Amino acid sequence: MSATHRTVDVLIVGSGGAGLSAAIEAASLGAITLVLEKSSSIGGTTANWSVGSIAAAGTRIQKKAGVHDTPEDFFNDLPLFAASDRPDNLELRRILTEHSGEAVDWLSGMGVRFLGPFPEPPHRRNRMHNVLPNSRAYGRALTRRAQHLGAEIQTDTKVTSLVVEDGIVVGARAQTAGQVVEVRAKHGVILASGDYSSDPNMKAAYIGPHARDVKAPNPGSTGDGHRMALEVGAVVLNGDIAAGPMVRFIAPPKKTLIARLPPIPALASVLKIGAKLAPAWLFRRVMMQFLTTNLAPSDTFLNEAGAIIDRAGDLIEVEGTVSSSITGRGDVFFILDGASAESFSGWPRFISTATGMAYAYLDDYRRSRPDVYHQARSLDELAGKINVNPVTLREAVAAHNARLAADRTVAGSAVLRPPFVALGPAMNWINVTDGGLAVDTSFRVLDNDEKPIPGLYAAGSVGQGGLLLDGHGTHIGWAIVSGRIAGVNAASSEISHVEPTEAPSTR
């Protein structure tokens, strides 16, 4: 197969939050910038699969709300979330916290609108900024800005390998429409290709065999950048850390008419006014219609949510965590009685986070998620609504009640009595993997000797560099911050590559 050739200044692999932010910064410096995206849509996990919150300190939004916050406070609060006891990359944490506020302000300047800031303990300040109307607003704003500056974005083009000459990454090979394209990058290649949460082999190798077949929200997160970088001597740090397996409700079966509305600033502004003036129930019902992704139940809900049953109606006994207990059971349902369910009606007892409004409570699911919320006066009626065997369901609830009556230390709510509420189906997901390439503070990719691989940069999940990102909104914050810095540094690089004098091999 013959190859076509072209030359740019900066080549970016991936069009998520990190890739588009890098493209904007590179193009703003006058660099001829090309973004290659393997899927047919732009925006990656940031725009298409996230709830949309971003954690940041020192934003104009915080100041307007009277919240005094600093990057130093943010830096000191992040370890309070730590799901791992391993050391953090403090240099990268410092970069995230120091630049997060300006990242939100930068997005706001492009027309992205936020609600908030909202609390998220153990943060000691309100730092959760929730995008309006949903995460697609990131993709729209970033794409429009990148293209306005002259960056080219080419979809349906999969980058398959890096081109290395004399130890320098000089470009990459890609496939599009049955054709091989070799792109030479005079100043650098930026990997912004996301994580490997949808690659079974990488999950099994890094996380463990139990993670191989656990689904991920974004089917395109297959670790392409990781593999290509490893082939040229890069190193993956924290490969075994992942947000999951974790329980998430199913995504809405189809987008509502409201969710199909373009995420333009005018719509976001109307919603922001509505948050202040409209009745709370009406605003929350509208915001739930913008939902496009899977929502994760809170730890409080998981620990108190009554009986857990599988599709057959059999009781699942929780040993360890709920996630580990439902592994291999497919879809599950959480069975609560009316009193237990109603306890999740206000802060801080939320069922999950949610688009725009930060937290979703029982009424939000009751009004807006009939595919997930089911209520009945009897177990037989409930069995019909969730399509499980009524006899098996009665036996499961009886076993749960008997076990709880005998041992009050077991997980779950009090003895279940009618009326009943079921929330589900839910299942295990790996939301994101945190294994990223080792990078320096300029986002140059490092080899096993901690030396930069000339011409190669990484940002976002693929360039996480050992940074621990726990809590809501840190991954999007990292995508924007790291992408911007990588774009500036790649465009400003003094490395200049000479174009080949003959057609390269396409093997």
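Just above, that's the structure.
Residues numbered from 1 in each chain as written. Predicted model: local features only at pLDDT ≥ 70, side-chain atom pairs only at ≥ 80, totals over all residues. Heavy atoms only, no water.

A. A look at the sheet that holds strand β5 (residues 128-132). Pairing is antiparallel across the open sheet formed by three strands, whose spatial order is β3-β5-β4. Each having just a single partner strand, β3 (53-55) and β4 (113-118) make up the two edges of the open sheet. Within this sheet the neighbouring strands show an average axis-to-axis angle of 30°, counted without direction. Taken together, the three bridges between β3 and β5 define a ladder with antiparallel strand orientation. Its bridge partner being in β5, Ala55 is matched across the sheet by Met128. The strands that helix α5 (residues 90-109) touches are β3, β4 and β5; relative to β4, the one it contacts most, it runs at about 145°. Its contacts with the sheet place helix α6 (residues 136-148) against β3, β4 and β5, and it is angled at close to 75° to β5. (Pairing = 2+ DSSP bridges. Helix = DSSP H or I, 4+ residues; strand = E, 2+ residues; numbered from the N terminus. Axes fitted to C-alpha atoms, helices over the stretch in contact; angles between N-to-C directions. Contact = heavy atoms within 4.5 Å.)

B. Structural context of the layout of surface pockets. Each pocket or cavity is described by its volume, and for the second largest pocket that value is around 350 Å³. For the second largest pocket, the lining is made up of 14 residues, of which Ile61, Lys64, Phe114, Gly116 and Lys272 are closest to its centre. Those elements giving two or more residues to the lining of the second largest pocket turn out to be α3 (60-64), α5, β4 and α9 (265-277). In terms of residue count, the dominant contributor to the lining of the second largest pocket is β4 (four residues). Residue composition of the lining of the second largest pocket, grouped by class: six nonpolar, two polar and six charged. (1 Å grid on protein atoms, 1.4 Å probe; cavity = no way out; pocket = protein on both sides within 12 Å on 5 of 7 lines; lining within 4 Å. Points joined across faces, edges and corners; volume = space filled by probe spheres on them. Nonpolar A, V, L, I, M, F, W, Y, C, P; charged D, E, K, R; others polar.)

C. Representation of helix α16 (residues 390-406) in the model. Between its terminal C-alpha atoms α16 stretches 24 Å, which fits the 24 Å expected from 17 residues at 1.5 Å a residue. Here α16 has its buried residues at Thr392, Leu393, Ala396, Val397, His400, Asn401 and Leu404. Where α16 begins, the capping side chain belongs to Asn389, and its oxygen is found 2.8 Å from the backbone nitrogen of Val391. (Expected span 1.5 Å × (residues − 1). Buried < 20%, exposed > 50% of the residue type's maximum accessible area, 1.4 Å probe, protein only. Polar contact = N/O pair within 3.5 Å; in protein donor to acceptor, adjacent residues only side chain to side chain.)

D. Focus on the nonpolar core. In terms of nonpolar packing, the biggest core is built from 78 residues, with Leu11, Leu107, Phe114, Val189, Leu191, Leu437 and Leu456 touching the most fellow members. Sorting elements by how many residues they give to this core places helix α17 (residues 474-491) first, with nine residues. Among residues more than four places away in sequence, those in contact with Leu11 are Leu34, Leu36, Ala172, Val183, Ala185, Gly188, Val189 and Ile190. Phe344, Ala354, Met357 and Leu362 belong to the second-largest nonpolar core, a separate cluster that totals 28 residues. (Core = buried A, V, L, I, M, F, W, Y, C linked by side-chain atoms within 4.5 Å.)

E. Broad picture of the packing of aromatic side chains. All chains considered together, the criterion is met by 11 aromatic pairs. Ring centres 6.4 Å apart and planes at 85° place the aromatic pair Phe249 and Phe334 in the edge-to-face group. Pair noted here: Phe249 is in strand β12 (residues 246-249) and Phe334 is in strand β14 (residues 332-337), with a separation of 85 residues, a long-range link. Three or more aromatic residues joined by ring pairs form one cluster here, namely Phe249, Phe301, Phe334, Phe344 and Tyr365. Just above the ring of Phe75 sits the side chain of Arg93; from NZ or CZ to the centre is 4.4 Å. (Phe/Tyr/Trp six-rings, centres within 6.5 Å; stacked < 30°, edge-to-face > 60°. Lys NZ or Arg CZ within 6 Å of the ring centre and 35° of its normal.)

F. Spotlight on helix α1 (residues 17-28). Taking 1.5 Å as the rise per residue, α1 with 12 residues should run 16 Å; its terminal C-alpha atoms sit 17 Å apart, in good agreement. For α1, a buried count of 11 out of 12 residues is recorded, marking the element as mostly surrounded by other parts of the structure. All of the buried residues along α1 are Gly17, Ala18, Gly19, Leu20, Ser21, Ala22, Ala23, Ile24, Glu25, Ala26 and Ala27. Phi turns positive one or two residues past the end of α1, at Gly30, with a value near 90°.

G. Spatial organisation of unusual backbone geometry. Here the amide bond leading from Gly116 into Pro117 is cis, since omega sits at 5°, within 30 degrees of zero. The topology assignment puts Pro117 in strand β4. Each neighbour pair has its own omega, and for Gly244 with Pro245 the value is 5°, a cis peptide bond. Within the secondary structure, Pro245 is located in the loop between β11 (242-243) and β12. With a phi close to 55°, Asp156 is a non-glycine residue in the positive phi region. When you line up the elements, Asp156 lands in the loop between β6 (152-154) and β7 (158-165). With a relative accessible area of 44%, Asp156 lands in the partly exposed category.

H. Molecular detail of the packing of helix α15 (residues 379-386) against α16. Between α15 and α16, whose axes approach to 9 Å, the crossing angle comes to 120°. One finds that α15 runs oblique with respect to α16. Crossing angle aside, the handedness with which α15 passes α16 is right-handed. Where α15 abuts α16, its residues Leu379, Asp380, Leu382 and Ala383 lie against Pro390, Leu393, Arg394 and Val397. Partitioning the contact of α15 with α16 into residue classes produces six nonpolar, no polar and two charged. (Parallel < 35°, antiparallel > 145°, perpendicular 65-115°, else oblique. Left-handed = near helix turned anticlockwise from the far one by under 90°.)

I. Highlighting the pattern of salt bridges. Applying the stated criterion across every chain yields a total of 27 salt bridges. Across the pair Asp105 and Arg60 runs a salt bridge whose closest N-O atoms are separated by 3.9 Å. Here the residue Asp105 occupies a position in helix α5, and Arg60 occupies one in helix α3, the gap between them amounting to 45 residues. When the shortest N-O distance is used, the salt bridge between Arg366 and Asp363 registers 2.3 Å. Of this pair, Arg366 and Asp363 both sit in helix α14 (residues 362-368), three residues apart, which is roughly one turn of the helix. Overall, Arg366 belongs to the partly exposed group, its relative accessible area being 29%. The exposure class of Asp363 is partly exposed, given its relative accessible area of 30%. (Salt bridge = Lys/Arg side-chain N within 4 Å of Asp/Glu carboxyl O.)

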